Amino acid sequence: MLSKDIGLDAKSLSRLSKKGLSLKTLKDQINEELDITLELWRAQGLDVRKEHGSFFFNTAFIDINEAEFCIVDIETNGSKIEKHQIIELAAIKVKNGKIIDRFESLVQTAEINPHITELTGIKVSDTKDAPKLKEVLIEFKLFLGDAVFVAHDVKFDYGFISKSLQKIGFAPLLNRSLCSLALAERTITSYRYALSYLNDTLHLNPNPRHHRAMSDVMTTYGLFLLSLENIPEEIKSVEDLVRFSKEAPRHKRPKFDPLLKVEED
């Protein structure tokens with residue numbers, strides 16, 4: 001999702017995360033002055049730095065314990081960005097395993113179909129005094145800053161928020177992102193990796209309200225901490241962690257659902 005919005009090919013993005021990208025290659029793929037482009041990227045949440053004559057994501061040099069991770073969850077009134085919108089957005093900032101800041105808001109909307117209300121418990125009337133989407137997105141963008149965007153099945157949350165920003169006239173997100181589901185598949189053995197299932201088996205959140213944004217954020221937070229406990233020792237930087245979440249072998253899933261066995265017993 002980053003390649004399309006940043007204007008670099010996949011190979012160049014890979015080099016930014018690990019080996020470094022030459023000035024010539026970078027200039028060949030961007031249309032603006034380099035300094036202007038780097039400032040625009042920074043404003044969109046992506047910091048690129050020059051080191052030893054090559055360019056890298058700044059996160060290639062940030063230790064996992066020093067990084068800020070922003071764990072995010074949204075509820076929407078449908079899955080299609082063309083006609084649906086965010087109705088609730090929640091996030092926490094995490095550094096060295098500790099929560100350092102929180103963000104949470106309902107979003108004013110004129111329509112929520114009954115299925116979504118049944119799933120989330122959110123009714124149109126609940127949002128009548130909530131801020132409008134533009135206000136919530138601006139505040140969230142300031143909250144997010146250049147933190148690493150973390151979500152369970154991150155492609156949906158990241159993409160929906162980024163496209164929502166574009167719909168109201170802002171540039172898309174360029175923050176580095178991390179999928180807690182993909183990371184869990186490589187650090188935790190489970191029959192399934194849906195957030196509710198993981199909470200049932202691992203007891204990550206003692207008071208879950210599934211399909212409510214802050215509750216799912218807190219469940220993801222518990223999962224994220226557990227995953228970090230199980231990463232190999234050689235994973236040091238944020239970019240090490242991002243690559244590991246995408247490239248490391250997944251754990252082999254059990255043949256039978258342990259929750260069914262508990263129910264039968």
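Below or above, wherever it landed, is the structure these notes cover.

Reading guide: rules and limits
Residues numbered from 1 in each chain as written. Predicted model: local features only at pLDDT ≥ 70, side-chain atom pairs only at ≥ 80, totals over all residues. Heavy atoms only, no water. Patch = residues over 30% accessible without salt bridge, like charges linked within 9 Å, V, L, I, M, F, W, Y side chains within 5 Å. Areas by Shrake-Rupley, 256 points an atom, 1.4 Å probe, with all protein chains shown as cover. Salt bridge = Lys/Arg side-chain N within 4 Å of Asp/Glu carboxyl O. Helix = DSSP H or I, 4+ residues; strand = E, 2+ residues; numbered from the N terminus. Pairing = 2+ DSSP bridges. Axes fitted to C-alpha atoms, helices over the stretch in contact; angles between N-to-C directions. Contact = heavy atoms within 4.5 Å. Buried < 20%, exposed > 50% of the residue type's maximum accessible area, 1.4 Å probe, protein only. Lys, Arg positive; Asp, Glu negative; His and termini not counted. Charge placed at Lys NZ, Arg CZ, Asp CG, Glu CD. Phe/Tyr/Trp six-rings, centres within 6.5 Å; stacked < 30°, edge-to-face > 60°.

Points about a nonpolar patch on the surface
A cluster of nonpolar residues, Ile 138, Leu 142 and Phe 170, forms a patch on the protein surface that exposes about 300 Å² of accessible area. On the secondary structure map, Leu 142 appears in helix α6 (residues 133–144).

Describing the sheet that holds strand β6 (residues 148–151)
Strands sit in the order β5-β4-β3-β6-β7 across an open sheet of five strands; the sheet is mixed. Edge positions in the open sheet fall to β5 (98–106) and β7 (177–179), since each of these has one partner strand only. Adjacent strand axes in the sheet meet at a mean angle of 20 degrees, parallel and antiparallel pairs treated alike. The pairing of strand β4 (residues 86–95) with β5 spans eight bridges and is classified as antiparallel. Bridge pairing links Ala 91 to Phe 103 in β5. Where helix α7 (residues 154–167) meets the sheet, its contacts fall on β3 (68–76), β4, β6 and β7, and the angle it forms with β3 comes to roughly 80 degrees.

Section: the environment of Lys 132
With respect to the helices and strands, Lys 132 occurs in the loop between α5 (114–120) and α6. The class for Lys 132 is exposed, based on a relative accessible area of 57%. Sequence-wise, Lys 132 and Leu 26 are 106 residues apart; in three dimensions their C-alpha atoms are separated by 38 Å. Once residues within four sequence positions are removed from consideration, Lys 132 is found in contact with Val 107 and Gln 108.

A closer look at the environment of Leu 133
Considering the arrangement of structural elements, one finds Leu 133 in helix α6. Sequence separation between Leu 133 and Leu 89 is 44 residues; the distance between their C-alpha atoms is 10.0 Å. Those residues in contact with Leu 133, other than ones at most four positions away along the chain, are Gln 85, Ile 86 and Val 107.

Quick notes on a positive patch on the surface
On the surface, Lys 11, Arg 15, Lys 18 and Lys 19 cluster together into a patch of positive charge. Mapped onto the secondary structure, Lys 11 falls in helix α2 (residues 10–17). For Lys 11, a relative accessible area of 64% puts it in the exposed group.

Some details on the packing of aromatic side chains
Per the counting criterion, the structure on display carries six aromatic pairs. Aromatic pair Phe 56 and Phe 61: ring centres 5.3 Å apart, planes at 75 degrees, arrangement edge-to-face. The class for Phe 61 is partly exposed, based on a relative accessible area of 38%. For the ring pair Phe 149 and Tyr 158, a centre distance of 5.0 Å and an interplane angle of 70 degrees mean the geometry is edge-to-face.

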